[in-house]
Amino acid sequence: MTELRAGGATDTGLVRDHNEDRYLADERLFAVADGVGGHKAGEVASQTAVETLQRAFTEPTTDALVDAVKTANRTVWDLAESNSDQRGMGTTLTAIALVDGGDEDRLAIVNVGDSRAYLLQQGQLEQLTEDHSLVEQLVRDGQLTPAEAQVHPQRSIITRALGLDPEVEVDSWELTPYKGDRLLLCSDGLTNEVSDEEIATTLRTVSDPEEAAQQLVNEAREHGGSDNITCVVVDVVDDDNRAEHASAILSAEPPPPPGRAQAATLQPTDDDAAGAGARATMAPPRAEPPAAPAARPRRFTWRVLAFILAVVVVIGLAFVAVGWYARHTYFVGLDNGQVAIFKGRPGGLLWFQPTLDQRTALAEKDVPPARLPDVKAGQEEATRAEAQRYVNALRQESAAQTSTTTTTAVAPPAPAPAAPAPSTP
Ligand code: MG
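Being a predicted model, the structure only gives us computed values, none of them experimental.

J.: Help me get a handle on the overall build of the protein, residues and values and all.
T.: In terms of regular secondary structure, the protein is built from 11 helices and 17 strands. The 425 residues of the protein split such that 46% are buried. Looking at the protein alone, contacts between residues at least 24 apart form 70% of all its contacts between residues at least 6 apart.

J.: An account of the coordination of the magnesium ion is requested, with residue identities and associated values reported.
T.: Binding of the magnesium ion to the protein goes through Asp34 (OD), Asp188 (OD) and Asp227 (OD), at separations of 2.1 to 2.3 Å. Every donor residue of the magnesium ion comes from the same chain, spaced as D-x153-D-x38-D. Linking Asp188 in helix α5 (residues 188-191) with Asp227 in the loop between α7 (209-222) and β11 (229-239), this pair joins segments that are 39 residues apart in sequence. Exposure remark for Asp188: the relative accessible area of 2% places this residue in the buried category.

J.: Before we move on, can you summarise the pairing of β11 with the specific residues and values?
T.: Of all 11 residues in β11, nine are buried, a share of seventy percent or more. Bridge count for strand β1 (residues 2-11) against β11 is 10 bridges, and the pairing is antiparallel. The residue bridging Leu4 from the neighbouring strand is Val236, located in β11. One ladder, built from five bridges, connects strand β10 (residues 182-186) with β11; its direction is antiparallel. Paired with Cys186 across the strands is Cys231, a residue of β11.

J.: Quick rundown of the sheet that holds strand β8 (residues 124-127)? Include the residues and the values.
T.: As summarised here, the arrangement of the five strands in space is β1-β11-β10-β7-β8, forming an open sheet in which the pairing is antiparallel. Across the chains shown, the open sheet's two edge strands, defined by having one partner strand only, are β1 and β8. Within the sheet, the average angular offset between the axes of one strand and its neighbour, ignoring direction, is 20°. Strands in contact with helix α6 (residues 196-205) are β7 (116-121), β8, β10 and β11; relative to β7, the strand with the most contacts, it is inclined by about 55°. Sitting on the sheet, α7 touches β1, β10 and β11, and the angle it makes with β1 is about 30°.

J.: Run through the nonpolar core, naming residues and quoting values.
T.: Leu53, Phe57, Leu65, Val69 and Leu93 are the most contacted members of the largest nonpolar core, which totals 29 residues. Where this core is concerned, the elements lending two or more residues are β3 (29-36), α1 (41-56), α2 (62-82), β5 (93-100) and β6 (105-112). A total of eight residues in this core trace back to one element, the largest contributor, which is α2. Each residue touching Phe57, except ones within four places of it in the same chain, is listed here: Leu29, Ala64, Leu65, Ala68, Ala97 and Val99. The next biggest cluster of nonpolar side chains, apart from the first, holds 18 residues, and it includes Ala9, Leu190, Ile199 and Ala212.

J.: Any details on the pattern of salt bridges? Residues and values, ideally.
T.: Summed over the entire model, instances satisfying the criterion amount to 18 salt bridges. Two residues, Glu174 and Arg106, come together in a salt bridge whose shortest N-O distance is 3.0 Å. Of this pair, Glu174 sits in strand β9 (residues 171-175) while Arg106 sits in strand β6; the two residues are 68 residues apart in sequence, bridging distant segments of the chain. For the pair shown, Glu174 and Arg106 are each scored as buried. With a shortest N-O distance of 4.0 Å, Glu364 and Lys376 are connected by a salt bridge. Of this pair, Glu364 sits in the loop between β16 (355-363) and α10 (372-377) while Lys376 sits in helix α10, and the two are 12 residues apart along the sequence. Among the residues examined, Glu364 registers a relative accessible area of 26% and is labelled partly exposed. Overlapping salt bridges, with partners in common, bring together Glu104, Arg106 and Glu174 in one network.

Here is what the cut-offs are and how they apply
Position labels on residues start from 1 in each chain and follow its written sequence. Under the rules for a predicted model, residues below a pLDDT of 70 receive no local features and side-chain atom pairs below 80 are neither given nor counted, while totals for whole chains, interfaces and linings still include all residues. Note that the side-chain values use all heavy atoms of the structure and ignore hydrogens as well as water. Elements are defined by DSSP. Helices are runs of H or I of four residues or more, strands are runs of E of two residues or more, and each kind is numbered from the N terminus. Burial classes: relative accessible area under 20% of the type maximum marks a residue as buried, over 50% as exposed, and values in between as partly exposed (1.4 Å probe, protein chains only). We call two residues contacting when some pair of their heavy atoms lies within 4.5 Å. Note that water is not among the atoms considered, so a metal site may appear incomplete; the donors listed are N, O and S atoms within 2.8 Å of the metal, with 3.2 Å applied to Na, K and Ca. DSSP calls a pair of strands paired once it identifies at least 2 bridges connecting them. Helix axes are fitted to C-alpha atoms over the stretch in contact, other axes to C-alpha atoms as well, and angles between N-to-C directions run from 0 to 180 degrees. Residues belong to a common nonpolar core when they are buried Ala, Val, Leu, Ile, Met, Phe, Trp, Tyr or Cys residues joined through side-chain atoms within 4.5 Å. What makes a salt bridge here is a side-chain nitrogen of Lys or Arg within 4 Å of a carboxyl oxygen of Asp or Glu, nothing more.

Here's what the structure looks like:
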């Protein structure tokens, strides 16, 4: 049984006069919503989104969570359409839910807008979500560096939000929760003020989730608190001992890539009544074709297992092939001053060392000098019979050489049994 423990904190900040952020920290469902819109419509949007999400999330699956976000979108949209004061209101929504992944519990993460979800795992902080914001789009297009985006005056313009359109594209991910993992949901009031390094330090050092959330809010206030600030910290306190079984595999895996947002031509919405200082919203053009479902990179699934298995099989086959090649050839070499036939490759191949197959009666000193370098290096032959033939040839050449040496002082360059004695001028 996966067990989670969570704590949240929210604050108006030092500049705004009311708080349009909302959060939810239920037993299995956690969310942060950052509302947008004038005449307090922003807080109506965020409140409506969080309440609808909680009500509509009735089945513990990722698809149900995505559907609940779409229901929340529709509810905010309908409310905005039916009330002129609230027309154009919208909200971000980032949520985490414990879902049923078949044989194990999973965490589903969904996102619309520029609130964020982070994962702190083994001390390393990783942003799980991708911002749907103008500056993020410019960074992706290579027109801004991440550092420039961090201080860009239009950094709070979002390109996707709940309530701006009857349909919404929802990014979603799944990951396997491991004991000791810590997740953070937060609005941009935190991330625009506090760096990822500072966030990581606080998450690493403050153990109680509620105190950690409050501490992060305090840091955003200390850095200026120019926006509403909201944080929810979720700790995985029990995981059925999955961490012990799978941490090795997990640590070998790359972090999940965020779902790619669709590149849309940006158009301002008809409402920009948020007023000076408040964030504006931009939405994709309404004529856009229906968005493709967001990709769901999984941290550890049967696909990964199948991949690992395939790699193991390929390595095994390569091992067998190399072994076969290394062990099924022969060479003629020297063993303690005697010509010998070895099984294997001269000098060995990888960890396959040659073995002595047969020592012959032919001594090194009897090997014809022209052949000696080959024999010393190891004369390779495909089969034992060929190696045997080579040894026989050596023996014959040696005998011929011995007989010619006894009749003449000059050894023939290519010894042959029937070589005639050279005539001396
Ligand atoms: Mg905000």
